[in-house]
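Understanding the architecture of this molecule
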Amino acid sequence: MNDNAFMNRALDLAVKGRGHTSPNPLVGAVVVNNGVLVGQGFHEAVGQYHAEVNALNDAGDRAKGATLYVTLEPCNHFGRTPPCTQQVIKAGISRVVVAMQDPNTAVKGGGNDYLQAHGIEVTVGIGEKRARQINEAFIKYTQTKRPFVTLKCAATLDGRIATRTGDAKWITGERSREYVHHLRHSTDAIMVGIGTVKADDPSLTTRLKDTRTKDPLRIILDTQLSIDTDAKVLQLKSEASAILVTSDSVSAEKKKRIEQKGVQVISVTLKDGRIDLNVLMDRLGAMGVTSLLIEGGSRVIASALAAQVVDKIIFFFAPKILGGDDGIPICQGPGPDRIRDCIRADDITTRQFGNDVMIEGYIKKAI
């Protein structure tokens, strides 16, 4: 096996920590001695050992003179755990292969430089593209202190997310819906508008069989604070809490009534009569939310796109056609006059879940 193959193994290990490491990155590592994999590990949960330490512990004495493959530059500073660079040197590693440097400009390159200063050969950039994709939320949050935002929707082939009566169960099949729960598990927070809560009374939790999962923080945009206090999203017994985002003009009495139910209320200024999502992203970032999944409805989707807060799109299309123009569209509200002014997506990939097609891509930011 070559460097790419061993790094791919480390990257496969990294994603095993998905959903449990935030705000830390997903990191995997393997130790290879004379072409034989002798140790492996990944960062399993925030506050626990980093991937390098787990792999070195797994290798034991076989790490001496070996090569360490790690998906992110080893840390050279004290955080919740001691610097990994010191553990690498102590283990007797002779070469370190790193997929990507630390995105934090304050420490970028420091770990690699420290290892090289102690006589260890360092190679950087093997498997970098995949490593950056795996940690796209960590990278953005580290550099901007705002969450990485993924916009998800499920629609018919003619672009409708519900019928004129609001019925949306179920547009997509079971396999697509299961994948959405994997998305929920891997993100810090999920956001919907009050219209979705009133129409569907969703739980917004993660439900996967035979998998240890976590629920995302549940964020509901409710400009007038009109939510029914009996709504499921406010009644759940979950480690993740619910947050209502409302206008700063809503009365203190109204807020108090909701807060007495144990629900946090955040007041945000309005822009064109709606929650200013750029202000909200700053607030969520300050709360430590590194990733956000927007699930709708159509006005929230349109507002998020218009505010340019979306980084990634995941659109599911089911092989169904409403055949009319009165269903609820993916986006509601005015769009551009010209096609050349459309929002563009790049780096498109597709997957199929049963008969549903998923289109994934990244929003091309205006320069």
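Everything discussed here concerns the structure shown above.
One structure accompanies this document, and this report is about it. All of these numbers come straight from a predicted model, not from anything done at the bench.

Residue Trp170 is reached from Lys169 by a cis peptide bond, and omega for that bond is -15°. The omega torsion across Gly296 and Gly297 is 5°, close enough to zero to call that bond cis. Looking at the secondary structure, you find Gly297 in the loop between strand 14 (291–296) and helix 12 (298–306). Its identity is not glycine, yet Gln308 carries a phi of approximately 60°, on the positive side. Positive phi is not limited to glycine here, since Asp347 has a value of about 50°. With respect to the helices and strands, Asp347 occurs in strand 17 (residues 345–353).

Formed by 39 residues in total, the largest nonpolar core has its most connected members in Met7, Val31, Val88, Ile93 and Val96. Breaking this core down by element, the ones donating at least two residues are helix 1 (3–14), strand 1 (28–33), strand 2 (36–42), helix 2 (51–59), strand 3 (67–70), strand 4 (95–98), helix 5 (128–134) and helix 6 (136–144). Among the elements that take part in this core, helix 1 stands out by supplying six residues, more than any other. Beyond its immediate sequence surroundings of up to four residues, Val31 is in contact with Val36, Leu37, Val38, Gly39, Ala55, Leu56, Ala59, Ala63, Ala66, Thr67, Leu68 and Ile93. Ile243, Leu277, Val300 and Ile301 belong to the second largest nonpolar core, which has 32 residues in total.

Moving on, we come to the packing of helix 2 against helix 3 (residues 84–91). In helix packing, the relevant descriptors are the interaxial angle and the interaxial distance, both defined with respect to the helix axes. Helix 3 packs onto helix 2 with a crossing angle of 20° between their chain directions and a minimal axis gap of 9 Å. Looking at the two axes, helix 2 sits roughly parallel to helix 3. For helix 2 against helix 3, the interelement crossing comes out left-handed. In this structure, helix 2 uses Glu52, Val53 and Leu56 to contact helix 3, whose residues at the interface are Cys84, Gln87, Val88 and Ala91. A breakdown of the residues in the contact of helix 2 with helix 3 according to their chemical character gives five nonpolar, one polar and one charged.

Turning to helix 6, a few remarks are in order. By the criterion of burial, helix 6 is predominantly enclosed, with seven of the nine residues buried. Turning to helix 6, its buried residues are Glu136, Ala137, Phe138, Ile139, Lys140, Tyr141 and Thr142. At its buried positions, helix 6 is contacted by helix 5, strand 6 (148–155), helix 11 (277–286), strand 14, strand 15 (312–317) and strand 18 (356–363). One or two positions beyond helix 6, positive phi appears at Lys145, with a value near 60°.

Inspection of the secondary structure puts Arg184 in helix 7 (residues 174–186). Among all residues touching Arg184, those that are not within four sequence positions of it are Ile190, Leu204, Thr205, Thr206, Arg207, Lys214, Pro216, Leu293 and Glu295.

Interhelical geometry of helix 3 versus helix 4 (residues 110–117) gives an angle of 25° and a closest axis separation of 10 Å. Here helix 3 is positioned roughly parallel relative to helix 4, judged by the angle of their axes. Where helix 3 crosses over helix 4, the handedness of that crossing is right-handed. Along the contact surface, helix 3 presents Thr85, Gln86, Val88 and Ile89, while helix 4 presents Gly111, Tyr114 and Leu115. When the residues that make up the contact of helix 3 with helix 4 are grouped by side-chain class, the tally is four nonpolar, three polar and no charged.

With that out of the way, let us pick up the sheet that holds strand 2. Read from one edge of the open sheet, five strands run 2-1-3-4-5, paired in mixed fashion. Only two strands of the sheet have a single neighbouring strand rather than two, namely strand 2 and strand 5 (121–124). The average angle at which neighbouring strand axes cross in this sheet is 15°, direction not considered. Along the sheet face, helix 2 touches strand 1, strand 2 and strand 3 and points at about 140° away from the line of strand 2.

Picture the strands of a sheet paired through backbone hydrogen bonds; they go either parallel or antiparallel. Taken in spatial order, the nine strands make up an open sheet running 11-10-9-8-14-6-15-18-17, and their pairing is mixed. The sheet is open, and its two edges are formed by strand 11 (264–268) and strand 17, each paired on a single side. The mean inter-strand angle of the sheet, taken between neighbouring strand axes irrespective of direction, is 20°. Bridge analysis of strand 8 (residues 189–193) against strand 9 (residues 217–221) gives five bridges, and the strand direction is parallel. Bridge pairing links Met191 to Ile219 in strand 9. Taken strand by strand, helix 10 (residues 252–259) contacts strand 10 (242–247) and strand 11, and its axis lies near 150° from that of strand 11.

Let us now look at the packing of aromatic side chains. The tally for this structure, following the rule as stated, stands at five aromatic pairs. Between Phe316 and Phe353, the ring centres sit 6.0 Å apart and the planes meet at 55°, which makes this aromatic pair tilted. One end of the pair, Phe316, is in strand 15; the other, Phe353, is in strand 17, with 37 residues separating them in the sequence. With respect to class, Phe316 is no different from Phe353; both count as buried. The aromatic ring of Trp170 is capped on one face by Arg177, whose charged end is 4.4 Å from the ring centroid.

Among the structural elements, Pro202 can be located in the loop between helix 8 (194–200) and strand 9. In this structure the C-alpha to C-alpha distance between Pro202 and Lys232, which are 30 residues apart in sequence, comes to 6.5 Å. The residues contacting Pro202, other than those within four sequence positions of it, are Thr196, Val197, Lys232 and Val233.

Analysis parameters
Residues numbered from 1 in each chain as written. Predicted model: local features only at pLDDT ≥ 70, side-chain atom pairs only at ≥ 80, totals over all residues. Heavy atoms only, no water. Helix = DSSP H or I, 4+ residues; strand = E, 2+ residues; numbered from the N terminus. Core = buried A, V, L, I, M, F, W, Y, C linked by side-chain atoms within 4.5 Å. Buried < 20%, exposed > 50% of the residue type's maximum accessible area, 1.4 Å probe, protein only. Contact = heavy atoms within 4.5 Å. Axes fitted to C-alpha atoms, helices over the stretch in contact; angles between N-to-C directions. Parallel < 35°, antiparallel > 145°, perpendicular 65-115°, else oblique. Left-handed = near helix turned anticlockwise from the far one by under 90°. Nonpolar A, V, L, I, M, F, W, Y, C, P; charged D, E, K, R; others polar. Pairing = 2+ DSSP bridges. Phe/Tyr/Trp six-rings, centres within 6.5 Å; stacked < 30°, edge-to-face > 60°. Lys NZ or Arg CZ within 6 Å of the ring centre and 35° of its normal.

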